[in-house]
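Spelled out from the first residue to the last, the chains are:
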Amino acid sequence: MTSSTSVGPRRPAEYPALLRVQPPSGRGTRGGVTKRPKNVFLLGPDERNLALMRELQHLAPYRFHALLDKEQLMYGDIGLEELLEKAQQRLDDFSEPIDAIVGYWDFPVSSMVPVLATDNGLPGPSLESVVKCEHKYWSRLVQREVTDAHPGFAIVDLDDPQTPPGMRFPMWLKPVKSFSSDLAFKADDEDQLRAAAAEIRDGIGRIGRAFDFLLSKLELPPAIEEAGGMACLAEEAVRGEQLTTEGYVHGGRAHVHGVVDSLCYPDSSSFLRYQYPSQAPEEVQERIIEISREVIEHMGLNDSTFNIEFFWDTDTDAVNILEINPRLSQSHAPLFELVDGMPNHQAMVQLAVGEEPTMPSREGPHRIAAKWFHRVFDDAVVNSTPSDDDLARLAEELPGATVDIIAERGARLSDLPAQDSYSYELFAVYLGAADEDELRAKFDRCVQLLPFDLT
């Protein structure tokens, strides 16, 4: 379980079952009569994101209600049918009108939102459009209909793994549904391909079985029916700088409100930081924004946030879609707050209550912001993590920083959930600054102030 520690103003230790967000004075009334608060149910709320959502108070009187908890939704074998039943029972037991159902996590939350919204007559995307984005093979087939900004791809038989005809090494092997780069492996030759396929075959069922249940609710194209939810996709490796568009769809029209840079550790596919706003040339940003709009609208996604991850090859100027997510990136939300003055949760909630989002731009306290990841690349046991005194000192030196402590005392790093295939995350920290040099200096100081003892 990840522990989230906010450095700066102290947050409550746990989120309440009901978080009341009241409008400021003069808002939320008409003709002297207070409007009914909008009841928004939130799948898997966590402390940091709830704190950010307090920023939405200027929009309307919202009441945010917990709908299952993060541990139920994200860890262990995922029984999707049971999770949906529990969530629906919580909604059925609620005695007031329900105005919206939202979530910012990956699968299964991203797929539960459209099911629950549809079943309860609320705004939201269709399940088919969400699954088109999330099923990596289906997504590639749809992308191919409108753009060539994607790598070569093909299904690999996990029982008889062979190099797909016409594809070249190096390539990535990954389940058609996964998250946090789980079970994603790079293969440089046939032996590595077979080894990766064996690893994927052993672990694919944890998410794949739940994804198969979801697919059973849809009429599928023959290629997706044949592949199912526990297939393995091979994609030719593409290189370059990683960029992510963040946006939303309303009225069938896609809008992009920000581009984020994703920078990796040297000679690694593991992320070092997400940085906003992007430093890529304007022409490149405009190109990926246009591709994002075309692809998302062709997917049929509507009344939803989204983010699309790209590679931009600085040598050839080619851009390639890495992945489409039919949800916002909660990792980017604090960056939008620090730079634009409002987290992208604003778009998520406004869409869910049937309104067109109104995202601000460059109205925050910083010119640049980043989520940094402090990682190690060798497995170890965590003997100690930063103390309360360490966190207090960081709060004094870097007010406004927010730290998520990932590694747990006494745990083996390889046993921690939601890690990528090549590194182990110790902590993440959100920082704002005037420029990139100040941003780097702040992160370096965080590493000094937050000690971990590993053996």
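Our subject is the structure listed above.
Quick summary incoming for the structure in this document. Predicted, not measured: the structure shown is a model, and the values here were computed from it.

## Focus: empty space enclosed by the protein
Stage number 1. Summed over the entire model, instances satisfying the criterion amount to three cavities of 30 Å³ or more.
Stage number 2. By volume, the largest cavity amounts to about 190 Å³.
Stage number 3. Listed by contribution, the elements that provide at least two residues to the lining of the largest cavity are strand 7 (100–102), helix 4 (109–119), strand 15 (304–312) and helix 12 (345–352).
Stage number 4. Quantified by volume, the second largest cavity comes out at close to 110 Å³.
Stage number 5. What lines the second largest cavity is a set of 13 residues, among which Cys133, Lys136, Leu322, Glu323 and Ile324 lie closest to the centre.
Stage number 6. For the lining of the second largest cavity, the class distribution of residues is three nonpolar, three polar and seven charged.

## Some points on the pairing of strand 17 (residues 368–376)
Side-chain positions along a regular strand alternate between the two faces of the sheet.
Stage number 1. Taken across its nine residues, strand 17 has nine buried, putting it largely inside the fold.
Stage number 2. Along strand 17, one buried face is formed by Ile368, Ala370, Trp372, His374 and Val376 and the opposite face, lined by Ala369, Lys371, Phe373 and Arg375, is buried too.
Stage number 3. By the bridge criterion, four bridges tie strand 14 (residues 271–276) to strand 17 in an arrangement that is antiparallel. Looking at the pairing, Tyr276 lines up with Ala369 of strand 17.

## Overview of the packing of helix 3 (residues 80–92) against helix 4
Stage number 1. Relative to each other, helix 3 and helix 4 sit at 40°, their axes nearing to 11 Å. In terms of orientation, helix 3 and helix 4 fall into the oblique class. For the crossing formed where helix 3 meets helix 4, the hand is right-handed. Across the interface between the two elements, Leu80, Leu83, Leu84, Ala87, Gln88 and Leu91 from helix 3 touch Met112, Val115, Leu116 and Asp119 from helix 4.
Stage number 2. Of the residues assigned to the contact of helix 3 with helix 4, the class counts are eight nonpolar, one polar and one charged.

Definitions and limits used
- Residues numbered from 1 in each chain as written.
- Predicted model: local features only at pLDDT ≥ 70, side-chain atom pairs only at ≥ 80, totals over all residues.
- Heavy atoms only, no water.
- 1 Å grid on protein atoms, 1.4 Å probe; cavity = no way out; pocket = protein on both sides within 12 Å on 5 of 7 lines; lining within 4 Å.
- Points joined across faces, edges and corners; volume = space filled by probe spheres on them.
- Helix = DSSP H or I, 4+ residues; strand = E, 2+ residues; numbered from the N terminus.
- Nonpolar A, V, L, I, M, F, W, Y, C, P; charged D, E, K, R; others polar.
- Buried < 20%, exposed > 50% of the residue type's maximum accessible area, 1.4 Å probe, protein only.
- Pairing = 2+ DSSP bridges.
- Axes fitted to C-alpha atoms, helices over the stretch in contact; angles between N-to-C directions.
- Parallel < 35°, antiparallel > 145°, perpendicular 65-115°, else oblique.
- Left-handed = near helix turned anticlockwise from the far one by under 90°.
- Contact = heavy atoms within 4.5 Å.

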